Amino acid sequence: MHRLQVLEKKRDGRELSDEEIRKFIQDYTVGLIPDYQAAALLMAIYLRGMTPAETLALTRAMLDSGERVVFEGLPYAPVDKHSTGGVGDKITLSLVPLVASFGVPVPMLSGRGLGHSGGTLDKLESIPGFRVQLTLEEYKRQVERLGAVIMGQTAELAPADRKLYALRDVTATVPSVPLITASILSKKAAGGARALVLDVKVGSGAFMQTLVEARRLARSLLEVGGELGLKVSGFITRMEEPLGRFVGHALEVREALDILHGRGPQDTTELTEMLGGEMLRLAGVAASFEEGRRKIQAAIADGRGLEKLRRIIEAQGGDARVVDEPQRLPAAVEHLELKSPAEGWIQAIDARRVGLALARLGAGRLKVEDCVDPRVGLEMRHKVGARVTPGEVLAVVHLGKWRDPSGVESLLRAAYRIGPAPPAVEPVVVERISP
């Protein structure tokens, strides 16, 4: 079928065949279809949706657009984790070394931040010398030798996803369940993962704003992942307020180190333990999620995670001294205090407003080509549920090379809502998701 007929068919809400999807993706990947026609298909999918069969066909087509890594001779099947993104989400940095310390291979392909959400690669690049772009051969060798890697997607793995994601970002088609499903699973399967633990975010700082949307995405990932032969499970977690106490690249690396040192905030530590426990269960290291979580807690207590992180940093060219000397990370030289305007309890801290405000200061990207400043961030002195008094410091803004916070301060203040009564503080994990 001609590509224009494919566009017409999906525009009108009709189901595309496996062959139509495969041919369109194949031709777009090699440059036979222009961006404007691919953008038209993305918008049609965003508006009309896809059936489970179409979503599976799209995922397979994107997976087959490049090479597929197959690991051999490893003690356990490779297990990966994927978060759908949020504000202050630094869990990968503590989770990967903890899980890998048990001999479980963790081939982690991560991304950069855009808009209000942060990116793991940007955080890692705040470590002096750390390389996030490795060759495919370096990627495979590090997983086989060290058991873990955290890096960006290579050109050989799911190249259709690389092209389509860039297009989705500039066509307002990112929050689409079929497109998110195909993007996540094509990358993870191409990278050699045989099991995947999901962290599906829900709330103001997430792509999925409601629990209904989050459950729909989780179900799609479970079903398509199962069809691809992946073991998939995970959690739906809250992203109403920023995760942890720090937002910003270098600051989040510091907090990840705190988790591994056993002094991390309650929410980030709990989420690390739960995701790690489920990864150990899927790998077969633990008989149950509860046993896996206890093993992760033990790895924090005895320092195994810290030692594994040192080796990962060294292997990727970074200065491993930051593990014990976080002052080597980039730091702000100027700060701005946000003070409480009233007495009461913090009812809410809008994660999206916080992320957008910090992006305007240089901590995030408003356009793909923007550079980020690793020094910029927010240090939250109080979280939701805390009682504050007039003039008490709510948070400290860490400023970088853009030192004019005009407009940003008011945006950050608007993120805080203070009320006369204590709010109900909800747990970070909403529910488990499993096949």
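Residues numbered from 1 in each chain as written. Predicted model: local features only at pLDDT ≥ 70, side-chain atom pairs only at ≥ 80, totals over all residues. Heavy atoms only, no water.

As for the packing of aromatic side chains
Counted according to the given criterion, the structure contains 2 aromatic pairs. Seen from their ring centres, F71 and Y139 are 6.1 Å apart, and the 55 degrees between their planes marks the pair as tilted. On the criterion of sequence distance, the pair formed by F71 in the loop between helix 4 (52-63) and strand 1 (79-83) and Y139 in helix 7 (residues 136-146) is long-range, its members being 68 residues apart. Since its relative accessible area comes to 12%, F71 is described here as buried. We classify Y139 as buried; its relative accessible area is 0%. The interplanar angle of 55 degrees and the centroid separation of 5.7 Å between the aromatic rings of F235 and F289 together place this pair among those described as tilted. Here the residue F235 occupies a position in strand 5 (residues 231-238), and F289 occupies one in helix 13 (residues 289-302), the gap between them amounting to 54 residues. Taken as a pair, F235 and F289 share a single burial class, namely buried. (Phe/Tyr/Trp six-rings, centres within 6.5 Å; stacked < 30°, edge-to-face > 60°. Helix = DSSP H or I, 4+ residues; strand = E, 2+ residues; numbered from the N terminus. Buried < 20%, exposed > 50% of the residue type's maximum accessible area, 1.4 Å probe, protein only.)

Structural notes on the packing of helix 2 (residues 18-29) against helix 4
Interaxial distance between helix 2 and helix 4 falls to 9 Å at its minimum, and their mutual angle equals 35 degrees. In the packing of helix 2 onto helix 4, the handedness of the crossing is right-handed. For the pair helix 2 and helix 4, the contacting residues are D18, I21, R22 and I25 in the first and A53, E54, A57, L58, A61 and M62 in the second. (Axes fitted to C-alpha atoms, helices over the stretch in contact; angles between N-to-C directions. Left-handed = near helix turned anticlockwise from the far one by under 90°. Contact = heavy atoms within 4.5 Å.)

Some words on empty space enclosed by the protein
Taken as a whole, this structure holds 5 cavities of 30 Å³ or more when the rule is applied. Approximately 50 Å³ is the volume found for the second largest cavity. Considering the residues around the second largest cavity, the lining is formed by F24, I25, A38, L41, L42, I45, L58, M62, L164 and L179. Every element with two or more residues in the lining of the second largest cavity is listed here: helix 2, helix 3 (35-48) and helix 4. Broken down by element, the lining of the second largest cavity gets its largest block of residues, 4 residues, from helix 3. When grouped by side-chain class, the residues that make up the lining of the second largest cavity number 10 nonpolar, no polar and no charged. (1 Å grid on protein atoms, 1.4 Å probe; cavity = no way out; pocket = protein on both sides within 12 Å on 5 of 7 lines; lining within 4 Å. Points joined across faces, edges and corners; volume = space filled by probe spheres on them. Nonpolar A, V, L, I, M, F, W, Y, C, P; charged D, E, K, R; others polar.)

Remarks on the nonpolar core
With 81 residues, the main nonpolar core has V354, L378 and Y416 as its most contacted residues. In contact with L378, other than residues within four places in its own chain, are R245, F246, V247, L251, L338, V354, L358, A395, V396, V397, L412 and Y416. Residues V149, I184, L221 and V232 belong to the second largest nonpolar core, which totals 34 residues. (Core = buried A, V, L, I, M, F, W, Y, C linked by side-chain atoms within 4.5 Å.)

A look at helix 4
Note: α-helices contain 3.6 residues per turn, so residues at a spacing of three or four share the same orientation. The terminal C-alpha atoms of helix 4, which comprises 12 residues, lie 16 Å apart, in line with the 16 Å expected from a rise of 1.5 Å per residue. Across the 12 residues of helix 4, 9 count as buried, placing the element largely inside the fold. As for helix 4, its buried residues are in contact with helix 1 (3-11), helix 2, helix 8 (159-169), helix 9 (177-190) and helix 10 (211-227). (Expected span 1.5 Å × (residues − 1).)

With respect to the layout of surface pockets
In this structure, the second largest pocket encloses a volume near 630 Å³. Taken together, 27 residues line the second largest pocket, and the ones lying closest to its centre are R238, E241, V384, V425 and E426. Sorting the residues of the lining of the second largest pocket by element identifies helix 12 (266-283) and strand 8 (344-349) as the ones contributing at least two each. Residue classes in the lining of the second largest pocket are distributed as 14 nonpolar, 3 polar and 10 charged.

Here we look at the packing of helix 5 (residues 91-100) against helix 11 (residues 249-260)
Where helix 5 contacts helix 11, the two axes come as close as 8 Å, and the packing angle between them is 35 degrees. For the pair helix 5 and helix 11, the sense of crossing is right-handed. Facing helix 5, whose interface residues are L93, S94, P97 and L98, helix 11 presents E252, V253, A256, I259 and L260. A class-by-class count of the residues in the contact of helix 5 with helix 11 yields 7 nonpolar, 1 polar and 1 charged.

Side note on the sheet that holds strand 7 (residues 334-339)
As summarised here, the arrangement of the 4 strands in space is 6-9-11-7, forming an open sheet in which the pairing is antiparallel. Where the open sheet ends on each side, the last strands, each with one partner, are strand 6 (246-247) and strand 7. As paired strands, strand 9 (residues 377-380) and strand 11 (residues 393-399) are joined by 4 bridges and run antiparallel to one another. Looking at strand 11, one finds that G377 is bridged to H398. With respect to the sheet, helix 15 (residues 351-361) is in contact with strand 6, strand 9 and strand 11, its orientation differing from that of strand 9 by roughly 135 degrees. Against the sheet, helix 16 (residues 408-415) touches strand 7, strand 9 and strand 11, its axis set at about 40 degrees to strand 7. (Pairing = 2+ DSSP bridges.)

Here's the deal with the pattern of salt bridges
Tallying each qualifying case throughout the model produces 31 salt bridges. As a salt-bridge pair, K383 and D267 come within 3.3 Å of each other at their nearest N and O atoms. One end of the pair, K383, is in the loop between strand 9 and strand 10 (387-388); the other, D267, is in helix 12, and 116 residues separate them in sequence. Its relative accessible area of 13% is what places K383 among the buried residues. (Salt bridge = Lys/Arg side-chain N within 4 Å of Asp/Glu carboxyl O.)

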